[in-house]
Structure formats: structure tokens, C-alpha cells
There are 2 protein chains.
Amino acid sequence: MIEQDCDPVFARVDKLLALLNKSKSLHILLILNLKGQPMRFSTIKSQINSSSTTIARRLGELERSGLVERKIHPTAPSVVTYGLTEDARHLAPSIQSMYDWIVKRDINIVI
Amino acid sequence: MIEQDCDPVFARVDKLLALLNKSKSLHILLILNLKGQPMRFSTIKSQINSSSTTIARRLGELERSGLVERKIHPTAPSVVTYGLTEDARHLAPSIQSMYDWIVKRDINIVI
DNA sequence: CCGAATCCTTTTTGATACTG
DNA sequence: CAGTATCAAAAAGGATTCGG
């Protein structure tokens, strides 16, 4: 069975959606966007309530995909923060409109 | 294990994203949106190239979630078509901007 | 043609325990 | 605090088969 892609762009959109949907990706982006400034691992985790395993995996994927920036601050003791990249900030409105849509419509997603 | 949601709206957005991401949901919505008119099961399937199991599951979920309308035409033989609901058409722009973003940025999603 | 049911494989998640 | 490694459980996809 040959996997024939009708539109190669679909594949990339799918990859984005696949990443965004992996549990808590959206949470992370929305929280970082709302906060407006870099946050620490523990702060993110405390607001999302998922396993550190998953949070760490998501942050790693988001970072490697260029959506999140990881910074190590040379303080004592050192502090690690995560913030949105420029690209991610451009994507935010799309997520926000989707957010607004679901809020307004009061639709009931049934899976 | 109590799942404590920090923001109940997040949960609904997550459900939407979870639905949209289940393989081929986005394809279905984009194809129906581009087509601009209801399509038959076999036509959708032919353009997506996934198992009928998955296509059927997605269409069922999208229908129950109020994003897709299923119609049985009383012709002979009878024909079944799927089209976007009003709600889905309002959501389309959000998906489209996400689509545009990924196209423009040429970003490389790494999962 | 349009699916539902079954069964199997792959993917993803989370709990736990352990480092610097 | 900020993670990684491991492993078991759960979720999701797909092939196949069958029926209206």
C-alpha cells in the first residue's frame, strides 16, 4: 500500500497539528503567550498538571521545531526559562481564533 | 487520580485540537472547504488515501461534533454526502491561517 | 457504494526512580 | 530545580471481513 500524498503541504500542516496536539503542546503555547514572558519549567508544570516526562518531551519538541526558546541564565543558582520564538508569536493568533471560536460557539466535541 | 483543569476552556480547546488532529480530520475539513460542496464517502477517501475505517471514524466524530453534515439523498440508488456545517465554515479561517503560516515560514517540525 | 465489527500493531502517555 | 531512563498501560490506526 503506497502512501500517496495528494498535497505535500498537507503533510507539513499535519506535522504541525500532530505536534500541537500531542498532549499539552497547546497548553504550553497558550500559557507562554498569555504570560508574555519566559517561564520556568516548574511554573509551566504547575499550571498544566501533567507529568514532567510529558512536559519535558513537549518542550524539547517545541524547541527543536523552533517554536520555543530555552535559555539558561548564568545566575547563582542558574535558572532555565522557556519563551516563545518570533515564529511562535506569529502563529499565536491562529490558535487564539480557534480558541475564540470554541469559546463563542459552545460546541460540544464528541470523540 | 484527579485531573485538575486550570482553565476549563483549555479542556474544550484541547478536545477540539484532539479531534482535529486525529489522523485525517484536517484533511477532511480542508478538502470539504476547498470543494465548497458536499462530497461522497468514496470521493473523500480517494483524495485522502487512508483506511475506510479511519475515514469513517473521523466523519462520524466530525458529524457528532457538529462540524460535518451527513445527508442521504433519496435517489436510486441512494447517495450519501458529507458537507461542512455553518460552524465548521466559521472555523475554517483559523485552520487556513495556520495553514498559511506553515506554508510561509517553511518551518521544520521535529517530533 | 457505504460503512460497522473484529483483531492486531504501533504510538503515546504516565508512574517511578534516579542524576547534576 | 530541571530534567532523563525505563517500563507498563492506554489510545489510536489499519487490514480484513462482512452486511445493507
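Every value quoted in this text rests on a predicted model; they were computed, and no experiment measured them.

Chemist: Help me understand the packing of helix H3 (residues 41–48) of chain B against helix H4 (residues 52–64) of chain B in this model?
Modeler: Two packed helices can be described by the angle between their axes and the distance between those axes. Residue and element names in this part refer to chain B. Two elements in contact, H3 and H4, have axes whose closest approach is 10 Å; the angle formed by their N-to-C orientations is 120°. Between H3 and H4, the angle falls in the class oblique. For H3 against H4, the interelement crossing comes out right-handed. On H4, the residues touching Phe41, Ile44, Lys45 and Ile48 of H3 are Ser52, Ile55, Ala56 and Leu59. By residue class, the composition of the contact of H3 with H4 is six nonpolar, one polar and one charged.

Chemist: For this particular structure, what's the right way to read the sheet that holds strand E2 (residues 68–73) of chain A?
Modeler: All names here are of chain A. Overall, antiparallel pairing links the three strands, which are arranged E1-E3-E2 in an open sheet. One side of each edge strand has no neighbouring strand; the edge strands of this open sheet are strand E1 (39–40) and E2. Pairing of E2 with strand E3 (residues 79–84), which is carried by six bridges, proceeds in the antiparallel orientation. Residue pairing for E3: His73 is matched across the bridge by Val79.

Chemist: Just checking my understanding: could you explain the protein's contact with DNA strand C for this structure?
Modeler: Surrounding DNA strand C, one finds 17 residues, the nearest of these being A:Ser23, A:Thr54, B:Ser42, B:Arg70 and B:Tyr82. Per the 4 Å cut-off to the protein, sugar and phosphate atoms form 77% of the nearby atoms of DNA strand C. Side-chain polar atom of A:Thr54 to a phosphate oxygen of DNA strand C: 2.5 Å apart, as the coordinates give it. Those elements giving two or more residues to the surface near DNA strand C turn out to be helix H4 (52–64) of chain A together with H3, H4 and strand E3 (79–84) of chain B. In terms of residue count, the dominant contributor to the surface near DNA strand C is H4(A) (four residues). Class assignment of the residues belonging to the surface near DNA strand C gives a composition of five nonpolar, seven polar and five charged.

Conventions and cut-offs
- Every chain begins its residue count from 1, and numbering advances along the sequence as written.
- Labels are handed out in written order, letters beginning with A for the chains and numbers beginning with 1 for the ligands.
- Per-residue local features are limited, in this predicted model, to residues with pLDDT of at least 70; the limit for side-chain atom pairs, both in listing and counting, is 80 or more; totals at the level of whole chains, interfaces and linings are taken over all residues.
- Calculated side-chain values reflect all of the structure's heavy atoms, with hydrogen atoms and water omitted.
- Between N-to-C directions, angles cover 0 to 180 degrees, with each direction set by a line fitted to C-alpha atoms, over the stretch in contact for helices.
- Numbered from the N terminus, helices here are DSSP runs of H or I no shorter than four residues, and strands are runs of E no shorter than two.
- Any angle that is under 35 degrees is reported as roughly parallel, and any over 145 degrees as roughly antiparallel; angles of 65 to 115 degrees are reported as roughly perpendicular and all others as oblique.
- Each crossing gets its hand from how the near helix is turned against the far one by less than a right angle, where anticlockwise is left-handed and clockwise is right-handed.
- In what follows, a contact means two residues having at least one pair of non-hydrogen atoms within 4.5 Å.
- Under the scheme applied, nonpolar residues are Ala, Val, Leu, Ile, Met, Phe, Trp, Tyr, Cys and Pro; charged residues are Asp, Glu, Lys and Arg; polar residues are all the others, including Gly.
- Two strands make a pair as long as DSSP finds a minimum of two bridges between them.
- For each residue, the test is whether any non-hydrogen atom lies within 4 Å of the molecule or strand; if one does, the residue is near.
- In the analysis that follows, any N or O atom pair within 3.5 Å is treated as a polar contact, provided that within protein one partner can donate a hydrogen and the other can accept it, and provided that, for residues neighboring in sequence, both atoms belong to side chains.

By themselves, these are just geometric observations and shouldn't be taken as functional.
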